[in-house]
Structures are given as C-alpha cells and as structure tokens.
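These are the residues of each chain, in order.
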Amino acid sequence: MDKLILEQITELISDNKGLLRIAIRQRAKFEGWLKFELAHRIEKLGFEEVELETKLDRKRDRPDISFLKDFDFYRIELKTCNTSWNVDGIPKKGKPITSNISGVISDAKKLNSNYGIVAFVMFPIPKNDIRWKAYIERIKKETEIEIDYEKNCKILEMEIDELNTCEVLVCAFMSRQFHNWF
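Residues numbered from 1 in each chain as written. Predicted model: local features only at pLDDT ≥ 70, side-chain atom pairs only at ≥ 80, totals over all residues. Heavy atoms only, no water.

(A) Structural detail: unusual backbone geometry. The omega torsion across Phe 123 and Pro 124 is -25°, close enough to zero to call that bond cis. Inspection of the secondary structure assignment puts Pro 124 in strand E4 (residues 116–125). Even without being a glycine, Arg 27 presents a positive backbone phi close to 55°. Note on placement: Arg 27 falls in the loop between helix H2 (17–26) and helix H3 (31–44). (Helix = DSSP H or I, 4+ residues; strand = E, 2+ residues; numbered from the N terminus.)

(B) The packing of helix H1 (residues 2–15) against H3, seen in detail. Contact geometry of H1 with H3 gives a least axis separation of 10 Å together with a crossing angle of 120°. With respect to H3, the axis of H1 lies oblique. In terms of crossing hand, the pair formed by H1 and H3 is right-handed. In contact with Ile 5, Gln 8, Ile 9, Glu 11, Leu 12 and Asp 15 of H1, H3 contributes Trp 33, Leu 34, Glu 37, Leu 38, Arg 41 and Ile 42. Looking at side-chain class alone, the contact of H1 with H3 contains 7 nonpolar, 1 polar and 4 charged residues. (Axes fitted to C-alpha atoms, helices over the stretch in contact; angles between N-to-C directions. Parallel < 35°, antiparallel > 145°, perpendicular 65-115°, else oblique. Left-handed = near helix turned anticlockwise from the far one by under 90°. Contact = heavy atoms within 4.5 Å. Nonpolar A, V, L, I, M, F, W, Y, C, P; charged D, E, K, R; others polar.)

(C) Summary view of the nonpolar core. Ile 9, Ile 13, Leu 38, Ile 42, Ile 65, Ile 76 and Val 121 are the most contacted members of the largest nonpolar core, which totals 34 residues. Those residues in contact with Ile 13 that lie beyond four places of it in its chain are Leu 20, Val 121, Leu 156, Met 158, Val 168 and Val 170. (Core = buried A, V, L, I, M, F, W, Y, C linked by side-chain atoms within 4.5 Å. Buried < 20%, exposed > 50% of the residue type's maximum accessible area, 1.4 Å probe, protein only.)

(D) Structural context of the side chain of Asn 82. Looking at the secondary structure, you find Asn 82 in strand E3 (residues 72–82). Residue Asn 82 is classed as buried on the basis of its relative accessible area of 3%.

(E) Spatial organisation of the sheet that holds strand E1 (residues 48–52). Strand order in the open sheet formed by 6 strands is E1-E2-E3-E4-E6-E5, with mixed pairing between adjacent strands. The outermost strands of the open sheet, each flanked by one partner alone, are E1 and strand E5 (153–159). Within this sheet the neighbouring strands show an average axis-to-axis angle of 20°, counted without direction. Along the sheet face, H2 touches E4, E5 and strand E6 (165–174) and points at about 85° away from the line of E5. Contacting E4, E5 and E6, helix H5 (residues 132–143) runs over the sheet at an angle of about 155° to E4. (Pairing = 2+ DSSP bridges.)

(F) The arrangement of helix H4 (residues 97–111) in detail. Under the 1.5 Å per step criterion, the end-to-end length of H4 is 21 Å for 15 residues, consistent within 8% with the ideal 21 Å. Contact partners of the buried residues in H4: E3, E4, H5 and E6. Positioned one or two residues after H4, Asn 112 has a phi angle of 35°, which is positive. (Expected span 1.5 Å × (residues − 1).)

(G) Main features of the packing of H4 against H5. Between H4 and H5, whose axes approach to 10 Å, the crossing angle comes to 35°. Of the two possible hands of crossing, H4 and H5 adopt the one that is right-handed. Counting all contacts with H4, which are made through Ile 97, Thr 98, Ile 101, Ser 102, Val 104, Ile 105, Ala 108 and Lys 109, the residues of H5 involved are Tyr 135, Arg 138, Ile 139, Glu 142 and Thr 143. Within the contact of H4 with H5, the residues separate by chemical class into 7 nonpolar, 3 polar and 3 charged.

(H) The arrangement of the pairing of E4 in detail. Of all 10 residues in E4, 10 are buried; the element is thus mostly enclosed. Sheet analysis places E3 next to E4, joined by 8 bridges and oriented parallel. Directly across from Glu 77, in E4, lies its bridge partner Val 118. Two strands pair when backbone bridges link them, and E4 and E6 are joined in this way by 7 bridges, in the antiparallel orientation.

(I) Spatial organisation of the state of the cysteines. Inspection of every chain in the model, using the stated rule, returns 0 disulfides. Distance from the sulfur of Cys 153, which forms no disulfide, to the nearest cysteine sulfur (Cys 171) is 3.6 Å. Note on Cys 153: relative accessible area 7%, which makes it buried. The thiol of Cys 166 is unpaired, and the distance to the nearest cysteine sulfur, on Cys 81, comes to 15 Å. (Disulfide = S-S within 2.5 Å.)

Structure follows, in structure tokens:
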C-alpha cells in the first residue's frame, strides 16, 4: 500500500508543478493541500471510509488520512519537510530539516502498525545532491524500518523559475517492519 501512496503523491506533485513552484520558492509547507488532494485520490480509487484527522479508538492521535481497503483500516501520516540547503533561485532561509525529520520518525513510531503509512515530501533539494540519503538513514536507524531508496523514494525535478530547477523527494513507507517467518 505504501507504493500506491508514493505513486499517488508523486503524480499529485507532477500534475501541480506550477502551483507548487510558489511553495518551493518560499520553502513554504503544503501539507494541508496535499492531505486533501491525496484523500480525494484515495476516494477516487474506490477505497472506503476516507476521512481526515479522525480520532481513532480512545487514543488522542488523529492520523492525517484514514481509509478502509479490503477490510483493512489504513492510516497515513503526512509531512512536508523544507530544507535550508542553498538552491539557486530560492532565497536563503533557516528551515529546521532536522526537526522535520524528527517529526517523520515520531509519526512512524506513533503509527507502529502493519496498516500505518508514513509519507513525506522533502524540498527544495539542489540538483543531484544526495544529502537527503543521510536523513533516510537516520529514519531507518531510529525506527528500525527498512526503507529502500528505489522502492520507497522518488526524486522529481521542479522548475523554480525560467532559469533554475531543484529536486523534490517523495518518500512513503509502512510504519512497521514486516518479518517473513516462513
């Protein structure tokens, strides 16, 4: 299911590059927009009981999106993680990538379910810069969840303006490590 969510977020960003240029140029988070768009896509795929920030059971936590698929109840936590890396065409701003990644780790630990999905978008990333991999490694280490760069991550190129481009990372993974005991 995490691959499907990765695909849907990637398509949403690709289909809305013009709109997202504004957010990327300002290093402004767009989690609210992404949440509604992703929930709408999930519903269009035919999944049931698609809800936003619904209180579950007696817990205080409210996943960003929840839905039912084949009698399984999935929960998604979303993050948009803005970076402070120097990118031509984007003003320098001190943005807390480290605390953003701490939020991703916290979400993975909070969900801790075979039906929990953590998805995040990291932006802006300078072209061909692989510093993002260090943050994936941190997430893997602190959650003990295997994240495969090829299967769980997509890099998209985004235009900033007529002269400059950057990259955006989309990552989605299940919040609990599956073990094959057979």
